[in-house]
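As a plain string of letters, each chain reads:
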Amino acid sequence: MRRRSLLAPVALALVGPPAARPARAQSSGQAPWPQRPIRVTIAFPPGGPTDLVARVLGEHMARTLGQPLVVENRPGANGNIGAEQVARAEPDGHSVLYNTSSIVLSTALYDKPGFALSDFAPVVLTASVPLVLAVNPALPAEDLAGFVALLRASPGRFAYGSSGNGNVTHLANFRILRAAGLQATHVPYRGSAPALTDAAGGQVQFVTDTLNSALPLIRDGRLRALAVTSPRRVPLLPEVPTLAEAGMPGLESGAWQGLLVPARTPAPVVARLNEAANLALADATVRERLAIQGAEILGGTPEAYGAWIREESARWGQVIAESGVKLD
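No experiment lies behind these values; they were computed from the predicted model shown. (Residues numbered from 1 in each chain as written. Predicted model: local features only at pLDDT ≥ 70, side-chain atom pairs only at ≥ 80, totals over all residues. Heavy atoms only, no water.)

S.K.: Is there a simple way to think about the pairing of strand β8 (residues 206-210) in this case?
M.R.: Note on strand geometry: in a regular strand, side chains alternate between the two faces of the sheet. Most of β8 is tucked away: five of the five residues are buried. Both strand β5 (residues 120-135) and β8 contribute to a ladder of five bridges, which runs antiparallel. Each residue of the ladder has a partner; that of valine 135, found in β8, is phenylalanine 206. Strand direction decides the pairing type here: strand β6 (residues 159-162) and β8, joined by two bridges, are parallel. By the bridge assignment, tyrosine 160 is partnered in β8 with phenylalanine 206. (Buried < 20%, exposed > 50% of the residue type's maximum accessible area, 1.4 Å probe, protein only. Helix = DSSP H or I, 4+ residues; strand = E, 2+ residues; numbered from the N terminus. Pairing = 2+ DSSP bridges.)

S.K.: Looking at this model, I keep getting lost on the pattern of salt bridges. Mind explaining?
M.R.: In this structure the tally under the stated criterion is eleven salt bridges. Notably, a salt bridge pairs glutamate 59 with arginine 289, separated by 2.9 Å at the nearest N-O pair. Pair noted here: glutamate 59 is in helix α1 (residues 49-65) and arginine 289 is in helix α9 (residues 284-292), with a separation of 230 residues, a long-range link. (Salt bridge = Lys/Arg side-chain N within 4 Å of Asp/Glu carboxyl O.)

S.K.: Please explain unusual backbone geometry as it appears in this structure.
M.R.: Backbone geometry follows two general trends: most residues other than glycine have a negative phi, and most peptide bonds adopt the trans configuration. Between tryptophan 33 and the following residue, proline 34, the backbone shows a cis peptide bond with an omega angle of -5 degrees. The residue proline 34 is located in the loop between β1 (10-13) and β2 (38-42) in this model. One non-glycine residue, alanine 77, lies in positive phi territory at about 55 degrees. Classification of alanine 77 as partly exposed rests on a relative accessible area of 38%.

S.K.: Got a minute to help me understand the environment of leucine 259 in this structure?
M.R.: Within the element layout of this structure, leucine 259 appears in strand β10 (residues 254-262). What makes leucine 259 buried here is its relative accessible area of 5%. Taking the C-alpha atoms as reference points, leucine 259 and arginine 175, separated by 84 residues in sequence, lie 27 Å from one another. For leucine 259, the contacting residues outside a window of four places in its chain are Met61, Val96, Leu97, Tyr98, Asn99, Pro122, Val123, Val124, Thr126, Ala277 and Tyr305. (Contact = heavy atoms within 4.5 Å.)

This is the structure:
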């Protein structure tokens, strides 16, 4: 998509025995790779939107690479704990970070996030999940125009929930409110689930959250979707306009995801990981499983992902500076 509490680690093998022929890094004098299971660190809790996508991809990649991909969930500090772990890992291709857009947010939000973007080598941009602006059904706003008029008539009266300070679900709301000249109270939560639950219960009046997290509540009628943040309408909510269609162009964004490895990981290993990921993203069954979650399937080269990260770092760095949000 183009202008788009610390828990104990949980490890789970995605697949069983490795395939008969393990993949090898094609480099003169270099040991065969992978030589053992590949640890994939996800810096968020199990069962969340990032975790679900990573496991679907990992199942297919394991068959290609001939070794299990073992997920280790290390949530905490807006994704910093898991990212720092991989940044310090041996750069041999057996430690991979399944990252999200939070990695570029953290470098602007924290003075000392525990890592720098230069600590990683990009592998591939895998997918992006659009966000959806949704309101409590009791709110007398049937569309984005009505929502703007309602908030404009009562500055500061309404509140919105997010997955936490500095999270993309917070900053997306900040951008929407700023673009329309609106005021509302931000209520940060520890994750999407409590924010969405309180929005459905009326404790806060609206949220802008990932489509796959909000969709069950929208389908149950507990939330009303007003607009999606993607450049195009999403198949799971075809009747819901984009922000641009609804009168707010230039605010496209999404919760994107990708694969990173420690810097200095051998180039043939990076290339093989990239190939395995792109094969997974092209698989019809994988695409179907990701589409059910509302994910836009991407893919591409390591170089393209590196350019994407630099662009997103600059864009969100500016948004964070304008918001004044800083985290310890």
